[in-house]
Amino acid sequence: QVRLAESGGGLVQAGGSLRLSCTPTTRTFRTYVMAWFRQAPGRDREFVAAIRWSAGTPFTADSVKDRFTISRDNAKNTMYLQMHSLKPEDTAVYYCASAQGYCSECYGVQDYDYWGQGTQVIVSS
């Protein structure tokens, strides 16, 4: 069982920045892809960005790719989401997720096996 812990959420004004982190709390950790999703109240969970763990290849949703950057530190087994120029519509609970097996595009919730508890991001106008 993989357990994931997110951190770094909070309240920020529009135009500000935040960096989210995701770290597995299990002793051994193997993953094919790690991702960030977000879910705003009353909306479906949506893909934000992902990174193929071994190669470090990132892919980011078009809606945020000019503002958000996903990265990972292999040595620390930690994934990051750097968010700049935040907008009120970025307000959501942000979740990290791990896909244990291969997925071709890895955009869907169904591609992921393990999820963190989420960290709240609130962007005030």
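(A) Focus on the sheet that holds strand 3 (residues 18–24). Read across the open sheet, the four strands follow the order 1-3-8-7; overall the sheet is antiparallel. Unpaired on one side and paired on the other, strand 1 (4–7) and strand 7 (68–73) mark the two borders of the sheet. Here the average twist between neighbouring strands, direction ignored, is 15 degrees. Relative to strand 8 (residues 78–83), strand 3 is paired through five bridges, and the arrangement is antiparallel. Its bridge partner being in strand 8, Arg19 is matched across the sheet by Gln82.

(B) Quick peek at the nonpolar core. Ranked by size, the top nonpolar core spans 37 residues in total, and within it Trp36, Met79, Leu81, Met83, Tyr94 and Tyr112 carry the most contacts. Among the secondary structure elements, those contributing two or more residues to this core are strand 3, strand 4 (33–39), strand 5 (46–52), strand 7, strand 8, strand 9 (92–99) and strand 11 (119–124).

(C) Representation of the pairing of strand 9. With respect to burial, strand 9 is a largely interior element, seven of its eight residues being buried. Of the strand pairs in this sheet, strand 4 and strand 9 are connected by seven bridges, and their pairing is antiparallel. Looking across to strand 9, one finds that Val33 is bridged to Ala99. Looking at chain direction, strand 9 and strand 11 are connected through three bridges and run antiparallel. Paired with Tyr94 across the two strands is Thr119, which belongs to strand 11.

(D) Representation of the state of the cysteines within the structure. Summed over the entire model, instances satisfying the criterion amount to two disulfides. Note that Cys103 is cross-linked by a disulfide to Cys106, the S-S spacing being 1.9 Å. Here Cys103 and Cys106 share a disulfide; its torsion about the S-S bond, 105 degrees, makes the bridge right-handed. According to the relative accessible area criterion, Cys103 is buried, its value standing at 5%. Once the disulfide-bonded cysteines of the protein are ranked by sequence position, their pairing pattern turns out to be 1-2, 3-4.

(E) How the structure looks around the pairing of strand 5. In terms of burial, strand 5 is largely enclosed, as six of its seven residues are buried. Sheet topology places strand 4 next to strand 5; six bridges connect them, and they run antiparallel. Bridge pairing in strand 5 links Phe37 to Phe47. In sequence, strand 4 turns back onto strand 5 through a hairpin of six residues, with Gly42 there showing a positive phi of about 75 degrees.

Parameters at a glance
Per chain, residue numbering runs from 1 following the sequence as it is written. Given that this is a predicted model, residues contribute local features only at a pLDDT of at least 70 and side-chain atom pairs are listed and counted only at 80 or more, while totals for whole chains, interfaces and linings are drawn from all residues. The side-chain values count all of the structure's non-hydrogen atoms but skip hydrogen atoms and water molecules. Should DSSP find at least two bridges between two strands, the strands are taken to pair. Here a helix means four or more residues in a row that DSSP labels H or I, a strand means two or more in a row labelled E, and each is numbered from the N terminus. Throughout, an axis means a line fitted to C-alpha atoms (over the contacting stretch in the case of helices), and angles, computed between N-to-C directions, take values from 0 to 180 degrees. Residue types Ala, Val, Leu, Ile, Met, Phe, Trp, Tyr and Cys, when buried and joined through side-chain atoms within 4.5 Å, form a set referred to as a nonpolar core. Classification of residues uses two cut-offs on accessible area relative to the type maximum, computed with a 1.4 Å probe and protein chains only: under 20% is buried, over 50% is exposed, and between them is partly exposed. Two cysteine sulfur atoms make up a disulfide if the distance between them is within 2.5 Å.

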